[in-house]
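These are the residues of each chain, in order.
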Amino acid sequence: METITVVVPCYNEEDVLKSFYNEMIKVASEIENVDFEILFIDDGSKDKTLSIIKNYSMIDSRVKYISFSRNFGKEAAIYAGLKAAIGDYVVIIDADLQHPPRLIKDMYYGIAKEGYDSVAAYRKDRTGESKIRAFFSRAFFKLASKITKLEFREGEEDYRMMNRKFVDAVLSIKEKNRFTKGIFQWVGFNVKWIEHENINRVAGNSKWSIFKLFTYSLDGIIGFSTVPLIISSFLGLILCLISTILGIYLIIKGISTNSVISSSLISILVTLLISGVQLFLFGILGQYLGKVYLEIKERPLYIIKDQKILVNKDIEINEEFKV
Ligand code: UDP
Ligand code: MG
């Protein structure tokens, strides 16, 4: 029988775990001919989260858990969950019921029956969310898609089910600074999107402040693009151009009117020119840094979706590039 592993990152979720567990086992009972593994990742919670999870694991053999020594963040929890999951299908879901567990049925259907490699959920609206947060979220998805050339979807979450191939591909990206939404896009495969209404937390508080979200978004863009490194070259070029044009204009004006150019103006122009050259060179250095940055991530050169190749003693599949 096939197994679905449900990975649930939890940080101080004592107020919601009971509702989550009840909802989850209800959904599990509605999907026939498949086993469930419910894998809670306690991300260093300071409340009763771990003891509640332990209790569930004693009464229900499907419940497993991993508990971190301190709070390492949701990205680390997701990675730990994907690594430990034994399922043929793995779904990542929040504990606060903002990700409706009933969608797991549709996700499973999408992969097992329709042949998708992953089914991802997104919110079709942001009702109930603060206007500032909704605005920045929207702006982020637009900007990130433009800069990184990955196709982020407005309202996309970390709520998705993956088949084994997809999970292994995600795990083959070993970088430590993880931005899972980007990694999901980067690995490719056939992905189905399903929408759901925006739901507010059943209890407890969001663990994300606007500041945390901002640095997280920046991490996302920087993790998947070295374009920001060109900005200084671009600024440098503009400065050089402005100072050169102004310089030429002043020289021509000086000659034609036979007047002396003020020395302070000359020193301003020279400073501008030198700063421009420096900025431009910083940008070039940045390009090399960018290459080193991409190399040390050691991402696979490609990820195989399907293959039929000849394997004999002369032709071997290069293990290094196998997912
Ligand atoms: N979470 C986590 N570690 C953290 C922050 C959050 O494991 O450092 C979990 C949290 O328990 C929840 C999920 O990640 O299950 C989403 O967090 P939250 O609901 O606070 O985020 P929001 O829905 O507000 O974006
Ligand atoms: Mg939430």
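Above this text you will find the structure in question.
Analysis parameters
Residues numbered from 1 in each chain as written. Chains lettered and ligands numbered in written order. Predicted model: local features only at pLDDT ≥ 70, side-chain atom pairs only at ≥ 80, totals over all residues. Heavy atoms only, no water. Core = buried A, V, L, I, M, F, W, Y, C linked by side-chain atoms within 4.5 Å. Buried < 20%, exposed > 50% of the residue type's maximum accessible area, 1.4 Å probe, protein only. Helix = DSSP H or I, 4+ residues; strand = E, 2+ residues; numbered from the N terminus. Contact = heavy atoms within 4.5 Å. Donors = N, O, S within 2.8 Å, 3.2 Å for Na, K, Ca; no water. Pairing = 2+ DSSP bridges. Axes fitted to C-alpha atoms, helices over the stretch in contact; angles between N-to-C directions.

**Examining the nonpolar core**
Phase 1 of the analysis: Grouped together as the largest cluster of nonpolar side chains are 34 residues, with contacts concentrated most on Ile4, Val8, Phe36, Phe40, Ile104 and Met161.
Phase 2 of the analysis: Listed by contribution, the elements that provide at least two residues to this core are strand E1 (2–10), helix H1 (17–30), strand E2 (34–42), helix H2 (49–59), strand E4 (89–92), helix H4 (103–112), strand E5 (118–123) and strand E6 (156–163).
Phase 3 of the analysis: The dominant element in this core, judged by the number of residues it contributes, is H1, at 6 residues.
Phase 4 of the analysis: When neighbours within four sequence positions are excluded, Ile4 is seen to be in contact with Val34, Asp35, Phe36, Glu37, Tyr89, Val91, Tyr108 and Met161.
Phase 5 of the analysis: Counting residues in each nonpolar core, the second largest holds 32 residues, with Ile41, Phe140, Ala144 and Ile183 among its members.

**Some details on the coordination of the magnesium ion (ligand 2)**
Phase 1 of the analysis: With distances of 1.9 Å, the protein atoms coordinating the magnesium ion (ligand 2) are Asp96 (OD) and Gln98 (OE1).
Phase 2 of the analysis: A relative accessible area of 3% places Asp96 in the buried class.
Phase 3 of the analysis: By relative accessible area, which is 24% here, Gln98 ends up partly exposed.

**Focus on the sheet that holds E2**
Phase 1 of the analysis: Taken in spatial order, the 7 strands of this open sheet run E3-E2-E1-E4-E6-E5-E7, and their pairing is mixed. Each edge of the sheet is formed by a strand with only one pairing partner; in this case those strands are strand E3 (63–67) and strand E7 (191–196). On average, each strand axis in the sheet is tilted by 20° relative to the strand beside it, whichever way the strands run.
Phase 2 of the analysis: As paired strands, E2 and E3 are joined by 5 bridges and run parallel to one another. Its bridge partner being in E3, Phe40 is matched across the sheet by Tyr65.
Phase 3 of the analysis: In the packing of helix H6 (residues 164–171) onto the sheet, contacts are made with E4, E5, E6 and E7, and the angle to E6 comes to roughly 120°.

Such coordinate-based values are descriptive only and should not be taken to indicate function.
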